Each structure stands twice: as structure tokens, then as C-alpha cells.
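Structure at a glance
Here is how the chains run, residue by residue.
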Amino acid sequence: MDRYPREPSRRDVLRGALATGASLTLAGGLSACGSRSDVVRTAGGDQWRQFKGATLNFISENTAPTAAIAANIRPFVDLTGINVNIVTLELTALVQRVALDLASGRAQYQVVYADPYQVLAPYQRGLVDLRSLQADPALPDLPGGMTDFIPTQLDAAGRFIDPGAVYALPYDAPTMIWQYRRDLFDRYRSRMANDLGFDPTPGGDRTWEEYFEIARWFNKNATSDVKYGTGHQARQHDSLMNDFSNVLWSYGGDYFDDGKEVGRMGSRDPGPCRLDSAAAIAGAEFYNRLLGIADPASRTWDWDGVGAAFRAGQLAMCPNWHEYAASNEEVLPGKVDYAPLPKGPAGTANMYGGTGVAISANTLPHERGAAWLFLVWATSPQTQLANLRSKAGGGTPTRTSVYELPEVRAAEKRPSPMPNMLTAAAVRQAWQSDRIGLRPKIPMWNECNTAIFTQLSRMLTGSGSPEEAMRSIKSRVDRIVARGWVA
């Protein structure tokens, strides 16, 4: 049974607009087709039906927008006649599966969730440069074009080295921000301010040292309401690198010289690792001290673990991905609020974890065209708006035009039908070019990442000092990068 009865009439209008080159305006003023006027009529006069009967396999991490799309794939199937199988895996398993598929020479998965660091950078040559499909007059144009995507996200999630080529379209935008129990801060604000000597209200003007003091205050003074002041995703896992990096960057440390550019556009030869700098070591020392007062279970948690602990009422605050807002609001309605992460001596940094959707270069010609239709539809303003409304998933838009819609702006305040939009004020600040945190986009990042979180984990368990950990990581990363560059 079709759960979305309004869609068929919209699809009929959409087909007509695409076939004639007209521009279709939906609610909120979004154009459902681009500005292209030289539309080529395919068999049946419908660009969207030319690959009817094809089957696409889409491999994705189990993320909010994919959950929303999987629950509402019917409109795409009805619009195009293309069947879509969606396979969701944990990120490490996905990367392994994609690597094998790209090496096989024949695409089992035509559409790929292309993590910028673990898929795009190492396997860019196995992905289609989407400009060729965007320029094909026989195929539908992108609504709003490439320029409607948030610029830092298009670069970070879609490009690699060449500023012109686009290998993926921004699909999701998880970003680490400060999540806190607003009800507890309201209850204890005056006492905390008196005891600590500063306004404890979370925000980008707070420092990491103040965050530490707030967490310790909760540990000592609010045990009837919450077990610990803070918790972290500090398991020996990719999550630990993400959590630590926010502190590293805010203290002025970085993985390589010109870290912003290496993170935004990528590099095959980033130069020597800089984790042995005084700033990086100072950041590691603070992070080690912070974890010393955090919930001890932090060392066993990834992002899901700390998110579950926060929702269960164990923690007063934590750094975590902003797309957990929908889950927070479901369990703790009206009790959670959001802010950019605290600042260190060098400013504030908020780890960006966004990913794009790409097309395997192993696809056959008809598969490639069908895959382009899916990318256009999946990243379109109307689909991103539907994802925001979805009860099955959510995610947050990667297009500027969606954030400008009146109903989306209204959803930034409670009661919100789109709870992820409650984070909008925080993520807008976090996505500013001087605040967005971008890990190195290099082909050998997977191996470097493992070296980073392995040594950080040793540091947190007392097997080495912060300085020893940073110097050990530098040595290992330098060997990995040198080996990768020679190869």
C-alpha cells in the first residue's frame, strides 16, 4: 500500500516539466528541474523513464538519510521504473566491500556511499566524474545545479585534488557539536556560575578548560540527576580519532601542514605528520585529562554508545554528531540543546563527517544513466525535505535552498516536526570555514587512522604519555604516507 498518496500527481507533473524543459516549482519555491532548456526527448519523451526495468544496487552506511530513503523509495520507483536494492553496512565493512567491488572490474554496486576519507580518496579512480553526466542533455539536470550544495561540503565530500572534478554529491552532513541537558543547566546555572566564577551556558565562547570544570562540577554536585558530567566516543575505533581531533585542532595542532586544504581538497603527498608539535602535544594532554573525569565507559563507546548513554540520562553533556538530535528529542523531549564545541587556544573546531553518493566507474552505460537518475533524485531539494520530515530517518540537508524554506526555518524552534533542525544554529556556525574540522583526505588515511586511534587508546589506558602517543603516531603516519606515496 502506498503510504504517500500525494506523490503520483506530483510525478506526473514532474515528468511533463522535464520532457518539455519547463521549470517546475514545488512548495517553498524549489525548482524540480534545472535551467536546461535543450532537453533531448528519449524513447517515450520522458527522460526519467528511459532506463525502465533497470535494477540498481546502492551500498550505504546505515545513516539517517538512507533509512529515510529506504522507507520511501516508492516515489523513485514509480517515477523511473528503476528498482533499487539498498544494502546497509557498518562503515568498515562497507569500505572493504566497496574496495573489492571496484577491484573486480564489474559493478555489483552501481551507487556507492563514498566516505571522503575511506572511499573517495583511496579509490577516486574507480568513481565516475559526475560532470560528464551533468553535461549530458539526454539526462535530467541537477535541481539548482552544483552551486546549491553547501560549498565546503561539496569540496570535502565530492572532490579530490582537482578543483573541477566532482566524484560524489553531498548526501549527508553529520557534524560534531556540543549536546547538553538544557533542563539540568537551567536548574543548576546559578550555583555553577557562583562556584565556577563564569557563565556555564554552552556555546562557542566557552573554552575546553571551562567544559572540563563544568563536567567536574556535575560529577561532584548533581549525582542525584546525572551520573557524570561528560561522556565521549573514546573506544579504540574511528570514533576516538573524531572525538580527539576536535580538541587537537582547537589547541592549534594538526595532522599535516596546511591541514585545512588537505582536509578540504585532499592530497596524495601531504608531507610529514605534525603531531609532534607543541600544540598537538598540549591538545593530547588536555584530552587525556578530560577523559580522566568522563564516564569511564567512554573508553568502550563509539558514537552510538555515547548517544545511548546521553539519552539514558547518564551524562549532562557530550560532543556528538548533530544528527542524533532526532533520537534525543524522542527520548528527552525539550530537555536537550545544542551549541558549537568549546574553543581552545587556537579557536573552535567541529569535526565534519559528511559523505557523498557516487557512481562506480565499473557500471555499464545503461546502469550509469540509471544511477545518475538516482543521485539526482536522492540529493534533490524535495527528497532532502522529505528526509527531514521522515519518521524512519532524517539526516540534514546538504543544499542551501532547503535551509531557506520557511517551514524548515520554522522547524528550528520547538515544537519541531523536523527535530534535527533544532541543531541548525549550532551547525551553521560549525560549518563556517574557520570552524569546520576536516580530517586529512589522503589515499592512505585508513591505515593512518588505525595508527592514530590505536595509540590514543594506549594513552587513555595509561600505556603511554600524551607526548609519547603523539610522537609514536607521527612516526607511524610518516612511514605509512611515505610507503603510500612511493606506491
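Everything in this summary refers to the structure shown in the same document. Because the structure is a prediction, the values reported are computed rather than measured.

Focus on the overall build of the chain
- The helix and strand inventory of the chain stands at 21 helices and 13 strands.
- Of all intrachain contacts in the chain linking residues separated by at least 6 positions in sequence, the fraction that spans at least 24 positions is 76%.
- Summed over its atoms, the accessible surface of the chain is roughly 18,000 Å², and 50% of this surface lies on carbon and sulfur atoms.

Description of the side chain of N350
- Of note, N350 is situated in strand β11 (residues 350-351).
- For N350, a relative accessible area of 0% translates into the label buried.
- Those residues in contact with N350 that sit more than four places away from it in its chain are T175, M176, I177, N246, P340, L341, A430, R435, I436 and G437.

Some thoughts on the sheet that holds strand β1 (residues 55-61)
- Taken in spatial order, the 5 strands line up as β2-β1-β3-β12-β4 in an open sheet, and their pairing is mixed. Two strands close off the open sheet at either side, each with one partner strand: β2 (83-89) and β4 (169-172). Within the sheet, the average angular offset between the axes of one strand and its neighbour, ignoring direction, is 30°.
- Looking at chain direction, β1 and β2 are connected through 7 bridges and run parallel. Bridging from a neighbouring strand, N57 pairs with N85 of β2.

So, the pattern of salt bridges
- According to the stated counting rule, one finds 22 salt bridges in the structure shown.
- Across the salt bridge formed by R106 and E367, the nearest N and O atoms sit 3.3 Å from each other. Of this pair, R106 sits in the loop between α4 (91-104) and β3 (111-114) while E367 sits in helix α15 (residues 365-378); the two residues are 261 residues apart in sequence, bridging distant segments of the chain.
- Residue R106 is classed as partly exposed on the basis of its relative accessible area, which comes to 40%.
- Linking R414 and E329 is a salt bridge whose minimum nitrogen-to-oxygen distance equals 2.9 Å. With a gap of 85 residues between them, R414 in the loop between α18 (406-410) and α19 (424-430) and E329 in helix α14 (residues 325-331) connect regions that are remote in the sequence.
- A network of salt bridges, in which partner residues are shared, links D155, R159 and R264.

Points about the side chain of S245
- Tracing the backbone through its elements, the reader meets S245 in helix α10 (residues 238-250).
- For S245, a relative accessible area of 0% gives the class buried.
- Sequence-distant contacts of S245, defined by excluding residues within four places in its chain, comprise Y255 and M351.

Side note on the pairing of strand β7 (residues 315-321)
- The element β7 is extensively covered by neighbouring structure, given that 7 of its 7 residues are classed as buried.
- Both strand β5 (residues 176-181) and β7 contribute to a ladder of 5 bridges, which runs antiparallel. In the strand pairing of β7, M176 is matched with W321.
- Pairing analysis gives 2 bridges linking strand β6 (residues 228-230) to β7, with the strands arranged parallel. By the bridge assignment for β7, Y228 is matched with L315.

Concerning the environment of V87
- Looking at the element boundaries, V87 is found in strand β2.
- With relative accessibility at 27%, the residue V87 sits in the partly exposed group.
- Considering only alpha carbons, one finds V87 and I59, 28 residues apart in sequence, at a separation of 4.8 Å.
- Look past the residues within four positions of V87 in its chain and what remains in contact with it is F58, I59, S60 and Y109.

Examining the sheet that holds β7
- Judged by pairing direction, the sheet is mixed, and its 4 strands sit side by side in the order β6-β7-β5-β8 without closing on themselves. Two strands in the sheet have a free side with no partner beyond their single neighbour: β6 and β8 (336-339). Direction aside, neighbouring strands of the sheet carry axes that sit 30° apart on average.
- Helix-sheet contacts for helix α8 (residues 182-196) involve β5, β7 and β8, and the interaxial angle to β5 is about 60°.

Quick notes on the rules
- Residues numbered from 1 in each chain as written.
- Predicted model: local features only at pLDDT ≥ 70, side-chain atom pairs only at ≥ 80, totals over all residues.
- Heavy atoms only, no water.
- Helix = DSSP H or I, 4+ residues; strand = E, 2+ residues; numbered from the N terminus.
- Contact = heavy atoms within 4.5 Å.
- Areas by Shrake-Rupley, 256 points an atom, 1.4 Å probe, with all protein chains shown as cover.
- Buried < 20%, exposed > 50% of the residue type's maximum accessible area, 1.4 Å probe, protein only.
- Pairing = 2+ DSSP bridges.
- Axes fitted to C-alpha atoms, helices over the stretch in contact; angles between N-to-C directions.
- Salt bridge = Lys/Arg side-chain N within 4 Å of Asp/Glu carboxyl O.

Shape is all these values report; function is a separate question.
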